[in-house]
Amino acid sequence: MTAEKLSPDLAPSATATQADLGARVRDIRKARGWKLQDLADRTGLAVSTISKMERGAISLTYDRFMRLAQGLGMDVGDLFTPDTKGFKAGSATLTKSGETKIHETETYVYEMLATEMTGKHMVPMTGEIKAHEIKDFREYVTHPGEEFLYLLSGVLDVCIKGRDPVRLTPGDSLYFDSALEHLYVSASPENARILVVCWKPG
């Protein structure tokens, strides 16, 4: 169960949402007069990874996706929804069922919530865990902040590097430091469904 044995976590094909997202990132980058290398320098992502993402050929894992947004100096919501509004006292935004923004990787399907509002301290999402073995991943996920996980259905193993997996059944929840290297793995025949809220510093 070492990271060296894990397979790629970049999806080989793109949904329409992923293709739209890649095109939007490319448009933002070009509008600023940045080359691929400029964005790579700001995010720590490889030029080839950004190029493939912009073409809709791959989808980034959550930690890389957050690095992309931070490198652009934007909220995650800005990348999914062009016409966003900033959070302020008294703000509220509704995400109707079936109207979530989808971000899919080979191992997870993220359903991003409240993307119409920027400047949030939390990143809420629901998701489906397609990975059923730790070897389905190339590496562990790690990002600054804190993470709240609530299991909606299925059985889930939360694998934190260097620790025994934590098994969740429906109704169980876990709150942890997102900087810990972690993975979500479905431990039941069906894909587990989760609610996740990430707090991001700054």
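One structure accompanies this document, and this report is about it. (Residues numbered from 1 in each chain as written. Predicted model: local features only at pLDDT ≥ 70, side-chain atom pairs only at ≥ 80, totals over all residues. Heavy atoms only, no water.)

## Description of the overall build of the protein
Helix and strand content of the protein: five helices and eleven strands. Scored against the burial criterion, the 202 residues of the protein give a buried share of 45%. At a minimum sequence separation of 6, the contacts of the protein that also span at least 24 residues come to 67%. When the accessible surface of the protein is summed, it comes to about 9900 Å², and 52% of that surface belongs to carbon and sulfur atoms. (Helix = DSSP H or I, 4+ residues; strand = E, 2+ residues; numbered from the N terminus. Buried < 20%, exposed > 50% of the residue type's maximum accessible area, 1.4 Å probe, protein only. Contact = heavy atoms within 4.5 Å. Areas by Shrake-Rupley, 256 points an atom, 1.4 Å probe, with all protein chains shown as cover.)

## Quick notes on the sheet that holds strand 10 (residues 182–186)
In a beta sheet, neighbouring strands are held together by backbone hydrogen bonds and run either parallel or antiparallel to one another. Within the open sheet, the three strands sit side by side as 8-7-10. Their pairing is antiparallel. The sheet is open, and its two borders are formed by strand 8 (166–168) and strand 10, each paired with just one other strand. Averaged over all pairs of adjacent strands, the angle between their axes in this sheet comes to 20 degrees, without regard to strand direction. One ladder, built from five bridges, connects strand 7 (residues 156–160) with strand 10; its direction is antiparallel. Bridge pairing in strand 10 links Ile160 to His182. (Pairing = 2+ DSSP bridges. Axes fitted to C-alpha atoms, helices over the stretch in contact; angles between N-to-C directions.)

## A short note on helix 4 (residues 62–71)
Taking burial as the measure, the ten residues of helix 4 include eight buried ones, the bulk of the element. Positive backbone phi, at 70 degrees, marks Gly73, one or two positions downstream of helix 4.

## So, the packing of aromatic side chains
How two aromatic rings sit relative to each other is set out by the distance from centre to centre and by the angle between their planes. Under the defined criterion, the tally for this structure stands at three aromatic pairs. Centroid distance Tyr108 to Tyr110: 5.6 Å. Interplanar angle 75 degrees. Geometry classified as edge-to-face. Neither Tyr108 nor Tyr110 differs from the other in exposure class; each is buried. Ring pairing ties together the aromatic residues Tyr108, Tyr110, Phe137 and Tyr184, which thus form one cluster. Taking NZ or CZ as reference, Arg42 lies 3.9 Å from the ring centre of Trp34, over its face. (Phe/Tyr/Trp six-rings, centres within 6.5 Å; stacked < 30°, edge-to-face > 60°. Lys NZ or Arg CZ within 6 Å of the ring centre and 35° of its normal.)

## Some thoughts on the sheet that holds strand 11 (residues 192–199)
In spatial order, the strands read 2-3-5-11-6-9; together these six strands make up an open sheet with antiparallel pairing. Only two strands of the sheet have a single partner each, and these edge strands are strand 2 (101–104) and strand 9 (173–177). Along the sheet, successive strands turn relative to each other by an average axial angle of 25 degrees, direction set aside. Across seven bridges, the pairing between strand 6 (residues 146–153) and strand 11 is antiparallel.

## Re unusual backbone geometry
Leaving glycine out, the prevailing phi sign among residues is negative, and the prevailing peptide bond configuration is trans. One non-glycine residue, Ala114, lies in the positive phi region at around 55 degrees. Among the secondary structure elements, Ala114 is positioned in the loop between strand 3 (108–112) and strand 4 (117–118). Looking at Ala114, the relative accessible area reads 13%, which means it is buried.

## A closer look at the nonpolar core
With 48 residues, the main nonpolar core has Leu72, Leu79, Leu156 and Tyr184 as its most contacted residues. Top element by residues in this core is helix 4. It accounts for five residues. Aside from chain neighbours lying at most four places away, what touches Leu72 is Val25, Ile28, Arg32, Trp34, Leu39 and Leu79. (Core = buried A, V, L, I, M, F, W, Y, C linked by side-chain atoms within 4.5 Å.)

## Concerning the packing of helix 2 (residues 36–43) against helix 4
With their axes 8 Å apart at the nearest point, helix 2 and helix 4 run at an angle of 110 degrees to one another. By the criterion of interaxial angle, the relationship of helix 2 to helix 4 is roughly perpendicular. For the element pair helix 2 and helix 4, the recorded crossing hand is right-handed. From helix 2, Leu39, Arg42 and Thr43 reach across to helix 4, where they touch Arg67, Leu68 and Gly71. Looking at side-chain class alone, the contact of helix 2 with helix 4 contains two nonpolar, two polar and two charged residues. (Parallel < 35°, antiparallel > 145°, perpendicular 65-115°, else oblique. Left-handed = near helix turned anticlockwise from the far one by under 90°. Nonpolar A, V, L, I, M, F, W, Y, C, P; charged D, E, K, R; others polar.)

## Notes on the side chain of His182
By the secondary structure assignment, His182 is in strand 10. What makes His182 buried here is its relative accessible area of 4%. Separated by 3.4 Å, the side chains of His182 and Glu147 make a polar contact. Beyond its immediate chain neighbours, meaning those up to four positions away, His182 contacts Tyr140, Val141, Thr142, His143, Glu147, Cys159, Ile160 and Phe176. (Polar contact = N/O pair within 3.5 Å; in protein donor to acceptor, adjacent residues only side chain to side chain.)

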